[in-house]
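# Summary of structural features
Residue-level listing of the chains:
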Amino acid sequence: MVKILFSSVVNRTSILRGHMTWPCSISIQFIYIYSKIFNNNSYLQILLQTLLIKCMDVELNPGPLQNVEIVHLNVRSIRNKIDVIEAQLHDSDIICITESHLNPLIPNSDIKLESFSDEIHRKDRTTGHGGGVIIYHKNNILTKRRHDLENEHIEMIWIEVLIQNHKFLLGCIYRPDSNIEYWSKFEQILDKASETSMDILITGDLNVDMLRTPPTSHLSRLLTKFNLKSIINKPTRVTPDSATSIDVVFTNNPSIVKNTHVDPAFCSDHSPIYMEVCYAIFKHKAYKKTVWMYNNTDYNIMNDELNVIDWNLIAADMDTQELDYHRSKERYITPNSI
């Protein structure tokens, strides 16, 4: 009986990055009934402790989600690379994919990452081959697709992400080589995003080398207009003939973006770029200071101190005689430490 009840509980428990979720309340009821049968709560404690050990990654003080790790990768076709992406990027919270090379006939089940939510945000190219963008996220990350910010002519996804009671916009974009009209459509998208008054984070592949982009270019003008700062300043695509930084991270609030880095490429000729979004507020250590309460001055003590001073001697030799101001003050003024 013990083995049956224990197996029922374990089989109904799913482990998600150190957090246990219970698909059905029956699991907890099994443990509760089991403890009542033997009239001993120790059985309940043992079973719960065993389940925690099964997690193998239990946070002692989990608290609210402190930060979100985001990674962007241009995969140049994802269907035959699901396993390697899962192996390399499973620790990240959000994965932004460009050049997915999918079409609407390919179901989400064909591109599912086991460590991530079944909710997959994607935008496939509807005409021609190539292109396409995808955003994966972990189950404990709250997201909302923002179709209202998207443009049918731009391969870009917008999602709203919630972290520590803060919302920010995350955009994943892919730009093939295109004409000048592209930038006017991109400007319209940025206009809508900026009207939300939320922090903005954009990552993707723009096919513009940020290491050699002149300040007069269309992209530079848009970054200036919308107060967007480019974070990545290293090559992200290295070939035998070139080293360019075409995979980007833009934000209008650099203070929330931490630990950005570029890792070696592993499934295409593009390197994955990592970033963390963090809204943690670091409190300054409190300190004490003394405030003198002049309203509570004892003027009798002060007058007595002044009367015993030989003012003639002080006037005669001001360079060698001084009043010990602070020592006298402590005698007749009440300090208050705050």
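Heads up: the structure comes first, above all this text.
These lines cover the structure that appears in this document, whether it is placed above or below.

The rules we used
Every chain is numbered independently, its residues counted from 1 as its sequence is written. Local features are withheld for residues below a pLDDT of 70 in this predicted model, meaning they are given only at 70 or higher, and side-chain atom pairs are given and counted only at 80 or more; totals for whole chains, interfaces and linings count all residues. No hydrogens and no water enter the side-chain calculation; it runs on all heavy atoms of the structure. Strands here mean DSSP runs of E at least two residues long; helices mean DSSP runs of H or I at least four residues long; both are numbered from the N terminus. Relative accessibility under 20% of the residue-type maximum defines a buried residue, over 50% an exposed one, and the middle range a partly exposed one, all with a 1.4 Å probe and only protein chains included. The method behind every accessible area is Shrake-Rupley, applied with a 1.4 Å probe, and residues are considered shielded solely by the protein chains displayed. When DSSP locates at least two bridges between a pair of strands, those strands are taken to pair. Under this definition, polar contacts are N or O atom pairs within 3.5 Å; protein pairs additionally need one hydrogen-donor-capable and one acceptor-capable atom, and for neighbouring residues in sequence, both atoms have to be side-chain atoms. Note on contacts: a residue pair is in contact if any heavy atoms of the two residues lie within 4.5 Å. Throughout, an axis means a line fitted to C-alpha atoms (over the contacting stretch in the case of helices), and angles, computed between N-to-C directions, take values from 0 to 180 degrees. Roughly parallel means an angle under 35 degrees; roughly antiparallel, over 145; roughly perpendicular, 65 to 115; everything else is oblique. Rotating anticlockwise by less than a right angle from the far helix to the near helix defines a left-handed crossing, while the corresponding clockwise rotation defines a right-handed one. A carboxyl oxygen of Asp or Glu within 4 Å of a side-chain nitrogen of Lys or Arg is what we treat as a salt bridge. Taken from the helix axis, the directions to the C-beta atoms give the arc we talk about. The criterion for an aromatic pair is that two Phe, Tyr or Trp rings (for Trp, the six-membered ring) have centres within 6.5 Å, with stacked assigned to planes under 30 degrees apart, edge-to-face to planes over 60 apart and tilted to the rest.

## Observations concerning the overall build of the chain
- Looking only at helices and strands, the chain has nine helices and 18 strands in total.
- Looking at the chain as a whole, 41% of its 338 residues are labelled buried.
- Accessible surface for the chain amounts to roughly 20,000 Å². Of this, 52% is attributable to carbon and sulfur atoms.

## Here we look at the sheet that holds strand β7 (residues 142–145)
- If you trace the six strands from one edge of the open sheet to the other, you get β7-β8-β9-β10-β14-β11, paired in mixed fashion. Unpaired on one side and paired on the other, β7 and β11 (229–230) mark the two borders of the sheet.
- The pairing of β11 with strand β14 (residues 247–251) spans two bridges and is antiparallel. For Ser230, the partnering residue across the bridge sits in β14 and is Phe250.

## As for the side chain of Ser268
- Along the polypeptide, Ser268 turns up in the loop between β15 (257–262) and β16 (273–278).
- Given the relative accessible area of 17%, Ser268 is considered buried.
- Here the side chain of Ser268 touches Asn74 through a polar contact of 2.6 Å, landing on its backbone oxygen.
- Within the local environment of Ser268, its side chain forms a polar contact with the backbone nitrogen of His270, the two atoms lying 3.2 Å apart.
- Discounting residues that sit within four places of it in the chain, Ser268 has contacts with Asn74, Val75, Arg76 and Lys81.

## Notes on the packing of helix α5 (residues 181–194) against helix α6 (residues 218–225)
- At their nearest, the axes of α5 and α6 sit 11 Å apart, and the two run at 15 degrees to each other. One finds that α5 runs roughly parallel with respect to α6. Crossing handedness for the pair α5 and α6: right-handed. Listed contacts from α6 to Trp183, Phe186, Glu187, Leu190 and Asp191 of α5 are His218, Leu219, Arg221, Leu222 and Lys225.

## Digging into the sheet that holds strand β4 (residues 94–98)
- Ordered in space as β5-β6-β4-β3-β16-β15, the six strands form an open sheet in which the pairing is mixed. In this open sheet, the two edge strands, each paired with only one partner strand, are β5 (121–123) and β15. Sheet twist, expressed as the average angle between the axes of neighbouring strands with direction ignored, equals 15 degrees.
- As defined by bridge partners, β4 adjoins strand β6 (residues 133–137) across five bridges and the pair is classed as antiparallel. Following the sheet pairing, Ile95 is matched in β6 by Tyr136.

## What to know about the pattern of salt bridges
- Evaluation of the coordinates by the stated rule reveals 13 salt bridges.
- One salt bridge in this structure joins Asp110 and Arg79, with 3.4 Å as the shortest N-O distance. Placement of the pair is Asp110 in the loop between β4 and β5 and Arg79 in the loop between β3 (67–74) and α4 (82–89), with a sequence separation of 31 residues.
- Between Glu187 and Arg221 there is a salt bridge, and its shortest N-O distance comes to 3.7 Å. Remark: Arg221 occurs in helix α6 and Glu187 occurs in helix α5; sequence separation between them is 34 residues.
- Of the residues examined, Glu187 reaches a relative accessible area of 16% and is grouped as buried.
- Given a relative accessible area of 40%, Arg221 falls into the partly exposed group.
- The structure contains a network of salt bridges with shared partners spanning Arg146, Asp148, Glu160 and Lys167.

## So, α6
- Residues of α6 that are buried include every one of Leu219, Ser220, Leu222 and Leu223, and no others. Relative to the axis of α6, the buried residues are bounded by an arc of 160 degrees and lie together on one face.
- Taken together, the buried residues of α6 touch α5 and β14.
- Downstream of α6 by one or two residues, Asn227 has phi in the positive range, about 55 degrees.

## Brief notes about the side chain of Arg146
- Topologically, Arg146 is positioned in the loop between β7 and β8 (155–163).
- Not counting residues up to four positions away in its chain, the partners in contact with Arg146 are Trp158, Ile159, Glu160, Leu169, Thr196 and Met198.

## What about the environment of Ala243?
- Relative to the elements of secondary structure, Ala243 occurs in strand β13 (residues 243–244).
- Separated by 34 residues in the primary sequence, Ala243 and Asp209 have C-alpha atoms spaced 9.1 Å apart.
- Discounting chain neighbours no more than four positions away, the residues touching Ala243 are Asp209, Leu211, Arg212, Pro235, Arg237 and Val238.

## Observations regarding the packing of aromatic side chains
- Applying the stated criterion across every chain yields a total of four aromatic pairs.
- Taking 6.4 Å as the distance between ring centres and 35 degrees as the angle between the ring planes, the aromatic pair formed by Tyr182 and Phe186 counts as tilted. Placement of the pair is Tyr182 and Phe186 together in helix α5, with a separation of four residues, close to one helical turn. As far as the burial class goes, Tyr182 and Phe186 line up, both buried.
- Joined through ring pairs, the aromatic side chains of Tyr182, Trp183 and Phe186 make up one cluster.

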